[in-house]
Amino acid sequence: MTYKAIQLAKRPSGDITPDIFATVDLETPVLEEGQFLVKQTYMSLDPAMRTWLNPREDSYLPPVQVGEVMRSYGVGEVVESRNANYPVGARVIGTTGWAEYVLGNDEMQVVDASIDPEALLSVFYVTGLTAYVGLIKIGRPQAGETILISGAAGSVGSLAGQISKAEGLRVVGTAGSDEKCRWLVEELGFDKAINYKSDDLAAQLDDACPNGIDLFFENTGGPIQQLAYERMNRFGRILVCGMIAEYNFEKPAPGPNWMDINLKGLRVEGFVVPDHLDKAQEATEALAKYVQNGQIRFRTHVLDGLESAVDGINLLFNGGNQGKLLVKL
């Protein structure tokens, strides 16, 4: 039996273009003792995928190599097994790939089949862990503080904002359309939301953050970064989660001068989920409580079919996605 998979055919130069991928038919593997086969049902498309395509060995994960199946996170069902820990019929979540079937690995987690797979990938896996770790463990927020979240309508940013509200913060977000800004305020309870494409971005930021900014949850880079930096309060914290606006740049934009880091006693810390897997259980329990208390809502943007990922991934970079971007297989 064969199955479809999508491999990296060549490295991108700037934007992700369809020609860097190749759809292939692969033979279903014959399982050895301890192995299991997963039929993938949903996979997640994430901004970090762009960084996985760069040929740098000093990042938190090794790059996807040319000729390899493109890496992703996903949910699926065990359809064949020679591993008692992963019985046939079990639902699993973990690192998969752009493929209809994947050979399971010991890092996969067996999850309750009653939980909606869209909720798993939107809240209870990497997305939720990223938001929780960045805000709670690294940001250490205090009630009454002001947080600014760039890319606030994205999957991580929207969760970080809702958790911030639950913890008693004033929450301001930026997003790329008026519709997304309305969703943040009217549906998710943000105090203010700013369209970052506005001509008067600085003035709107002053209005939204009259007492300055205590925490800046940075997902995007771009013009908002310098404006936020200039408005940081003393002992403020900048949590660098992503730089989606600049992943396709051949040469990154210059960063802010370090003077304010010194004089204001700012803390700037970058983080990625694989460095914080020891906090996964704590994060899952906390996220479940937020959900049970009605403090977290999410929406998904679901594409249909494996090959929809080839063009669909760019929705992350042009702002075309309306919620957590998933592919249903």
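This text goes with the structure placed above it.
Treat the numbers as computed from the prediction; the structure is a model and nothing was measured. Counting starts from 1 at the beginning of each chain's written sequence and moves along it residue by residue. Per-residue local features are limited, in this predicted model, to residues with pLDDT of at least 70; the limit for side-chain atom pairs, both in listing and counting, is 80 or more; totals at the level of whole chains, interfaces and linings are taken over all residues. Side-chain measures here rest on the full set of heavy atoms in the structure, leaving out hydrogens and waters.

Colleague: Where do I start with the environment of Gly242 in this structure?
Modeller: Secondary structure elements are taken from DSSP: a helix is a run of H or I of four residues or more, a strand is a run of E of two residues or more, and numbering for both begins at the N terminus. Mapped onto the fold, Gly242 is located in the loop between β12 (232-240) and α8 (259-263). On the accessibility criterion, Gly242 (10% relative accessible area) is buried. For the pair Gly242 and Ala175, spaced 67 residues apart in the sequence, the C-alpha separation amounts to 14 Å. Ignoring sequence-local partners within four residues, the contact set of Gly242 consists of Glu218, Asn219, Thr220, Gly221 and Tyr247. Relative accessible area decides the class of each residue, using a 1.4 Å probe on protein chains only: under 20% of the type maximum gives buried, over 50% gives exposed, and in between gives partly exposed. Only heavy atoms matter for contacts: two residues are in contact if any of them lie within 4.5 Å across the pair.

Colleague: Would you take a moment to explain the side chain of Glu145 for this structure?
Modeller: Considering the arrangement of structural elements, one finds Glu145 in the loop between α3 (126-139) and β8 (146-149). Using a relative accessible area of 13% as the deciding quantity, one classes Glu145 as buried. In protein, a polar contact means a hydrogen-donor-capable atom and an acceptor-capable atom, both N or O and within 3.5 Å, with residues adjacent in sequence counting only if both atoms are side-chain atoms; elsewhere, any N or O pair within 3.5 Å suffices. At a separation of 2.8 Å, a polar atom in the side chain of Glu145 contacts the side chain of Arg237. Contacts of Glu145, omitting those with residues within four sequence positions, involve Arg140, Leu169, Arg170, Asp214, Leu215 and Arg237.

Colleague: I keep staring at the packing of aromatic side chains and nothing clicks. Help me out?
Modeller: To describe a pair of aromatic rings, you give the distance between the ring centres and the angle between the ring planes. Stacked, tilted and edge-to-face pairs are distinguished by plane angle, under 30 degrees for stacked and over 60 for edge-to-face with tilted covering the rest, among Phe, Tyr and Trp rings (Trp via its six-membered ring) whose centres lie within 6.5 Å. Considering all chains together, one arrives at six aromatic pairs under this definition. Ring geometry for Tyr3 versus Tyr101: centroids 5.9 Å apart, planes at 65 degrees, classification edge-to-face. Here Tyr101 lies in strand β6 (residues 101-103) and Tyr3 lies in strand β1 (residues 2-8), a separation of 98 residues in the sequence. This pair shows no difference in class: Tyr3 is buried, exactly as Tyr101 is. Centre to centre, the rings of Phe217 and Phe271 are 6.1 Å apart; their planes meet at 85 degrees, and the pair counts as edge-to-face. Taken together, the residues Phe217 in strand β11 (residues 213-218) and Phe271 in the loop between β13 (267-270) and α9 (280-292) connect sequence positions 54 residues apart. No difference in accessibility class separates Phe217 from Phe271, as the two residues are buried.

Colleague: Got a minute to help me understand the packing of α3 against α9 in this structure?
Modeller: Working note: a packed helix pair is described by the angle between its axes plus the distance between those axes. In this analysis an axis means a line fitted to C-alpha atoms, helices contributing only their contacting stretch, and an angle means the value between N-to-C directions, from 0 to 180 degrees. It is the contact of α3 with α9, at a shortest axis distance of 10 Å, that shows an interaxial angle of 95 degrees. In terms of orientation, α3 lies roughly perpendicular with respect to α9. Taken together, the residues of α9 that come into contact with α3 (itself represented by Gly128, Leu129, Tyr132, Ile136 and Lys137) are Ala280, Glu282, Ala283, Ala286, Leu287 and Tyr290. Taken together, the residues that form the contact of α3 with α9 break down as eight nonpolar, one polar and two charged. By definition in this entry, angles of less than 35 degrees are roughly parallel, angles greater than 145 are roughly antiparallel, angles of 65 to 115 are roughly perpendicular, and the rest are oblique. Polarity classes work like this: nonpolar for Ala, Val, Leu, Ile, Met, Phe, Trp, Tyr, Cys and Pro, charged for Asp, Glu, Lys and Arg, and polar for all others, with Gly in that last group.

Colleague: Before we go on, may I ask you to explain the pairing of strand β3 (residues 36-44) in this structure?
Modeller: Note on strand geometry: in a regular strand, side chains alternate between the two faces of the sheet. With seven of nine residues buried, β3 lies mostly within the body of the structure. Pairing between β3 and strand β4 (residues 73-81): eight bridges, direction antiparallel. If you follow Ser44 over to β4, its bridge partner there is Tyr73. For two strands to be treated as a pair, DSSP must find at least two bridges joining them. In the sheet, β3 pairs with β6 via three bridges, with the strands oriented antiparallel. Each bridged residue has a counterpart across the sheet, and for Val38 the counterpart in β6 is Val102. With three bridges joining them, β3 and strand β15 (residues 324-328) adopt antiparallel strand pairing.

Colleague: Would you explain helix α4 (residues 155-166) in this entry?
Modeller: Since the α-helix packs 3.6 residues into each turn, any two residues three or four apart lie on the same face. The end-to-end C-alpha distance of α4 is 17 Å, a good match for the 16 Å that twelve residues give at a rise of 1.5 Å each. In terms of burial, α4 is a largely internal element, ten of the twelve residues being buried. What α4 keeps buried is the set Ser155, Val156, Gly157, Ser158, Leu159, Ala160, Gly161, Gln162, Ile163 and Ser164. At the C-terminal side of α4, Gly168 shows a positive phi close to 90 degrees. Expected span of a helix: the number of residues minus one, times 1.5 Å.

Colleague: Whenever I open this one, the pairing of β11 confuses me. Can you help?
Modeller: Burial analysis of β11 places six of its six residues in the buried class, the great majority of the element. Pairing geometry for β8 and β11, over three bridges, is parallel. When the sheet's bridge partners are listed, Leu148 is paired in β11 with Phe216. Pairing of β11 with β12 involves five bridges; the strand directions are parallel. When the sheet's bridge partners are listed, Phe217 is paired in β12 with Leu239. The β-α-β motif built from β11, the intervening helix α7 (residues 223-230) and the parallel element β12 has right-handed crossover chirality. A clockwise course of the path from the first strand over the helix to the second, judged with the strands pointing away from the viewer, identifies a crossover as right-handed.

Colleague: Looking at this structure, how should I read the sheet that holds β11?
Modeller: The pairing of strands in a sheet happens through backbone hydrogen bonds and is either parallel or antiparallel. Strand order across the open sheet formed by six strands is β10-β9-β8-β11-β12-β13, with parallel pairing between neighbours. At either end of the open sheet lies a strand with only one pairing partner, and these are β10 (192-195) and β13. When the angles between neighbouring strand axes are averaged without regard to direction, this sheet yields 15 degrees.

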